[in-house]
Amino acid sequence: MTPTDQAFAKELIAYWLSFVRSGNPNTHKLGSSPTWAPFTPSKKARIVLQEGTPSASSSFMEEISTAEASRCAFVASKAASEQA
């Protein structure tokens, strides 16, 4: 793995282990990683995890558009009937 790959893997592992240990991906995240904001009905945000450099994260938070949220809700509403 390249140094960039290693840095990205460390970031992902830190978020995951933080969530496993504390139920919060931010508690034990790397200092260079952005805060993973909660997804709420009033603030539909998600984290975009992407490679940066060995010394800096390129991950960031973005808000989901109303149109995308509507598409996701439509697909989710079909789950029960598709699994039957």
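Before reading on, note that the structure itself is shown above.
Quick summary incoming for the structure in this document. Keep in mind it's a predicted model, so treat the numbers as computed, not measured. (Residues numbered from 1 in each chain as written. Predicted model: local features only at pLDDT ≥ 70, side-chain atom pairs only at ≥ 80, totals over all residues. Heavy atoms only, no water.)

## Considering the overall build of the protein
And step 1. The helix and strand inventory of the protein stands at 3 helices and 2 strands.
And step 2. Each helix and strand of the protein, placed in order from N terminus to C terminus, yields the pattern α-β-β-α-α.
And step 3. Rg of the C-alpha trace for the protein: 16 Å, well past the compact-globule value of 12 Å for 84 residues, more than 25% over.
And step 4. Considering only C-alpha atoms, the protein reaches an extent of 45 × 25 × 25 Å along its principal axes.
And step 5. Within the protein, counting contacts between residues at least 6 apart in sequence, those at least 24 apart form 32% of the total.
And step 6. Summing over all exposed atoms, the protein offers an accessible surface of approximately 5900 Å²; the carbon and sulfur share of this is 60%.
And step 7. A distance of 7 Å separates the average location of the 8 positive side-chain charges in the protein from that of its 7 negative side-chain charges. (Helix = DSSP H or I, 4+ residues; strand = E, 2+ residues; numbered from the N terminus. Rg over C-alpha atoms; globule rule 2.2 N^0.38 Å. Contact = heavy atoms within 4.5 Å. Areas by Shrake-Rupley, 256 points an atom, 1.4 Å probe, with all protein chains shown as cover. Lys, Arg positive; Asp, Glu negative; His and termini not counted. Charge placed at Lys NZ, Arg CZ, Asp CG, Glu CD.)

## Concerning the side chain of S59
And step 1. Structurally, S59 is set in the loop between β1 (45–48) and β2 (60–63).
And step 2. Excluding residues that lie within four positions of it along the chain, S59 makes contacts with E11, P34, V48, L49 and Q50.

## Observations regarding the packing of aromatic side chains
And step 1. The tally for this structure, following the rule as stated, stands at 2 aromatic pairs.
And step 2. A ring pair is formed by Y15 and W36, whose centres lie 5.2 Å apart and whose planes are at 85°; its orientation type is edge-to-face. Pair noted here: Y15 is in helix α1 (residues 3–22) and W36 is in the loop between α1 and β1, with a separation of 21 residues, a long-range link.
And step 3. Owing to a relative accessible area of 2%, Y15 belongs among the buried residues under this scheme.
And step 4. Their ring planes at 35° and their centres at 6.3 Å tell us that W16 and F19 sit as a pair that is tilted. Here F19 and W16 lie together in helix α1, a separation of 3 residues that amounts to about one turn. (Phe/Tyr/Trp six-rings, centres within 6.5 Å; stacked < 30°, edge-to-face > 60°. Buried < 20%, exposed > 50% of the residue type's maximum accessible area, 1.4 Å probe, protein only.)

## Describing the environment of A45
And step 1. Inspection of the secondary structure puts A45 in strand β1.
And step 2. A45 gets classed as buried once you look at its relative accessible area, which sits at 7%.
And step 3. A C-alpha to C-alpha distance of 6.5 Å links A45 and M61, two positions 16 residues apart in sequence.

## With respect to a nonpolar patch on the surface
And step 1. A surface patch of nonpolar side chains, about 540 Å² in accessible area, is lined by I13, W16, L17, F19 and V20.
And step 2. Position of I13 among the secondary structure elements: in helix α1.
And step 3. Take I13: its relative accessible area is 49%, and that puts it in the partly exposed class. (Patch = residues over 30% accessible without salt bridge, like charges linked within 9 Å, V, L, I, M, F, W, Y side chains within 5 Å. Salt bridge = Lys/Arg side-chain N within 4 Å of Asp/Glu carboxyl O.)

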